[in-house]
Amino acid sequence: MQDLIAKADMLLEALPYIQKFSGATFVVKYGGSFMDSPDEKVRTSVARDIVFLEAVEINPVIVHGGGKAITRAMEKAGLAAKFIQGQRVTDEATARIADEVLSREINPEIVKAINLLGGNTVGFAGPDVFKCTKLLLEDVTDPGKKIDMGYVGEVVEVDVAPIKESIWCGFTPVISPTARGVDGKVYNCNADVAAAQLAIALKAQRLVFMSDVPGLLRDPNNPESVIPHLKISEVAALKKSGVIDKGMIPKVDSAVAAIQAGVEKVSFVDGRVPHAVLLEIFTDEGVGTEIVL
C-alpha cells in the first residue's frame, strides 16, 4: 500500500508541471553514448519519456546526435577522425558519411523506437530544414587567426513551417544535425548548436541537452561535482577557469544564446539515468544542471 501511495505522491508532484507546460514546445537534444548501449532498456528509456510528453500534451521536438556512429563509419571507410575544440574536422567525404549515418540510419531508428512505444513521430533530414554558414573557429593559440574546419557548418536559419505543421498534426519531429550551406552542399553541424537555433526559431519554452555526463561538472574528474544551477552571467568566469572547456563550450554557448533569445530554461541531463527528462521537467528538485537568465 505504501508503494502505491508513493506513486500517487509522485503523480501529484508532477501535476502542476503538467498543467503549466500543457501545449508548450520543448526541444530535446538527444545524444551520448547511451544511444549505443547494448541494454535495450537504456536505449529506449528516452523514447518512453518522449511518448509521455506527447501524452500530457507537451510538444517535444528532437534533434539527435550520433558522433560515435559517424566515427565508426569513418573507420570502416579508412578515414581517421580529428577534432579541434570539440568539433569534428570534416572533409567532403566525411560530410557525406555523416549525413548518411545521421539522416538515413540513426534518424529512422529513433523514429521507429518512439513509434513502437505508442508515439507519433516524423523524421526530417537536417538539410531539409536547417541552413548554415561555414564554421571558422578562433585559433586559441594564435588570436585573430581562424581555423577552417572543412564541411562543418553553423546553423543560422531554420525552416519552421514543416516542423510546426508536424506538431499541429500531432507528430513529434525528429531532426538530424546536418544542414544545407549557401553553396548548396551538405555540412555536418554541431547538434547542440542546431538544437539551440531550433529552440529559438520555435520560441520553445525549454531546451534539454541529453548526454553521457551528469551535467556541467566543476571538476571533470568528479561526477559528484555537478553545478545544479547556473546563471548566464557566471559563464564567462567558468570558461576562464577552465571549468567550461572543449566540447562543453559550444553546448554552453548555445544554451546562453537560447536563453538570451527567450527560452525560459536550458537543462543538461544524463541520458544514462532512467527517465532523466521526466525527472528534470516534472519534479521539484530536477536532475543535472539548469541554466537560466
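K.L.:
Which residues make up unusual backbone geometry, and what values do they have?
P.N.:
Despite not being glycine, Glu-57 shows a phi value in the positive range, around 65 degrees. For Glu-57, the location among the structural elements is in the loop between helix H2 (40-55) and strand E2 (59-64). What makes Glu-57 exposed here is its relative accessible area of 53%. Of note, His-275 is a non-glycine position whose phi angle comes to about 60 degrees, a positive value.

K.L.:
How would you explain the packing of helix H6 (residues 191-202) against helix H8 (residues 248-260) if you had to name every residue and give the values?
P.N.:
Close contact between H6 and H8 brings their axes to 9 Å; oriented N to C, the two are set at 5 degrees. As judged from the angle between their axes, H6 and H8 are roughly parallel. Packed against H6, whose contacting residues are Asp-192, Val-193, Ala-196 and Ile-200, the element H8 presents Pro-250, Lys-251, Ser-254, Ala-257 and Ala-258 at the interface.

K.L.:
Could you give me a rundown of the confidence of the model for the chain, with the residues and numbers involved?
P.N.:
In this model, the chain carries a mean pLDDT of 88, and residues with pLDDT of at least 70 account for 94%. Across the chain, the element-wise mean pLDDT spans from 74 in helix H1 (residues 2-21) up to 97 in strand E8 (residues 172-175).

K.L.:
Can you lay out the sheet that holds strand E13 (residues 265-270) for me, pointing to particular residues and giving the numbers?
P.N.:
Taken together, the eight strands give an open sheet; going across it, the order is E5-E8-E2-E1-E11-E13-E14-E12, and neighbouring strands pair in mixed fashion. The two strands at the open ends of the sheet, each matched to only one other strand, are strand E5 (121-124) and strand E12 (229-231). Sheet twist, expressed as the mean angle between neighbouring strand axes with direction ignored, is 20 degrees. Where strand E1 (residues 25-30) meets E2, six bridges bridge the pair, whose relative direction is parallel. Paired with Tyr-30 across the bridge in E2 is His-64. Against the sheet, H6 contacts E1, E2, E8 and strand E11 (206-211), and its axis sits at roughly 175 degrees relative to E1.

K.L.:
Describe the packing of aromatic side chains, and please don't skip the residues or the numbers.
P.N.:
Applying the stated criterion to the full structure yields four aromatic pairs. Aromatic side chains Phe-209 and Phe-268 sit 5.3 Å apart centroid to centroid with 55 degrees between the ring planes, which places their arrangement in the tilted category. Of this pair, Phe-209 sits in strand E11 while Phe-268 sits in strand E13, and the two are 59 residues apart along the sequence. Across the pair, Phe-268 and Phe-209 agree in class, each one buried. Here the basic side chain of Lys-134 rests over the ring of Tyr-151, its NZ or CZ set 5.9 Å away from the ring centre.

K.L.:
Give me the lowdown on the packing of helix H5 (residues 160-168) against H6, citing residues and values where you can.
P.N.:
Between H5 and H6, whose axes approach to 11 Å, the crossing angle comes to 75 degrees. Between H5 and H6, the crossing angle belongs to the class labelled roughly perpendicular. For the pair H5 and H6, the contacting residues are Val-160, Ile-163 and Lys-164 in the first and Leu-198, Ala-201 and Leu-202 in the second. Classifying every residue of the contact of H5 with H6 by side-chain character gives five nonpolar, no polar and one charged.

K.L.:
Which residues make up the environment of Val-252, and what values do they have?
P.N.:
Mapped onto the fold, Val-252 is located in helix H8. With 36 residues separating them along the chain, Val-252 and Leu-216 place their C-alpha atoms 9.0 Å apart. Beyond its immediate chain neighbours, meaning those up to four positions away, Val-252 contacts Val-235, Ile-244 and Phe-268.

K.L.:
Give me the lowdown on the side chain of Ser-103, citing residues and values where you can.
P.N.:
Assignment of secondary structure puts Ser-103 in helix H4 (residues 92-116). Once residues lying within four places of it in the same chain are set aside, the contact partners of Ser-103 are Ala-98, Pro-108, Ala-125, Gly-126, Pro-127, Ser-176 and Thr-178.

K.L.:
Lay out the pattern of salt bridges in plain terms, naming residues and giving numbers.
P.N.:
Overall, the coordinates contain twelve salt bridges when judged by the stated rule. Here Glu-100 and Arg-104 are joined by a salt bridge, their closest N and O atoms 3.2 Å apart. Of this pair, Glu-100 and Arg-104 both sit in helix H4, four residues apart, which is roughly one turn of that helix. The exposure class assigned to Glu-100 is partly exposed, which follows from its relative accessible area of 38%. With its nearest N and O atoms 3.1 Å apart, the salt bridge here joins Lys-251 to Asp-192. Here the residue Lys-251 occupies a position in helix H8, and Asp-192 occupies one in helix H6, the gap between them amounting to 59 residues. Both residues of the pair, Lys-251 and Asp-192, count as buried. Members of the salt-bridge network, linked through shared partners, are Lys-29, Asp-192 and Lys-251.

K.L.:
Please give an account of the nonpolar core that cites residues and values.
P.N.:
Within the largest apolar cluster, 46 residues are counted, with the highest numbers of intra-cluster contacts made by Val-27, Phe-130, Ile-163, Leu-198, Leu-207, Val-266 and Phe-268. Looking at this core, the element that brings in the most residues is H6, giving seven residues. Beyond its immediate chain neighbours, meaning those up to four positions away, Leu-198 contacts Val-27, Val-61, Val-63, Phe-130, Val-158, Ile-163 and Ile-175. In this structure, Leu-102, Ile-114, Val-208 and Val-277 belong to the second largest nonpolar core, which totals 34 residues.

Basis of the calculations
- Residues numbered from 1 in each chain as written.
- Predicted model: local features only at pLDDT ≥ 70, side-chain atom pairs only at ≥ 80, totals over all residues.
- Heavy atoms only, no water.
- Helix = DSSP H or I, 4+ residues; strand = E, 2+ residues; numbered from the N terminus.
- Buried < 20%, exposed > 50% of the residue type's maximum accessible area, 1.4 Å probe, protein only.
- Axes fitted to C-alpha atoms, helices over the stretch in contact; angles between N-to-C directions.
- Parallel < 35°, antiparallel > 145°, perpendicular 65-115°, else oblique.
- Contact = heavy atoms within 4.5 Å.
- pLDDT = per-residue confidence, 0-100.
- Pairing = 2+ DSSP bridges.
- Phe/Tyr/Trp six-rings, centres within 6.5 Å; stacked < 30°, edge-to-face > 60°.
- Lys NZ or Arg CZ within 6 Å of the ring centre and 35° of its normal.
- Nonpolar A, V, L, I, M, F, W, Y, C, P; charged D, E, K, R; others polar.
- Salt bridge = Lys/Arg side-chain N within 4 Å of Asp/Glu carboxyl O.
- Core = buried A, V, L, I, M, F, W, Y, C linked by side-chain atoms within 4.5 Å.

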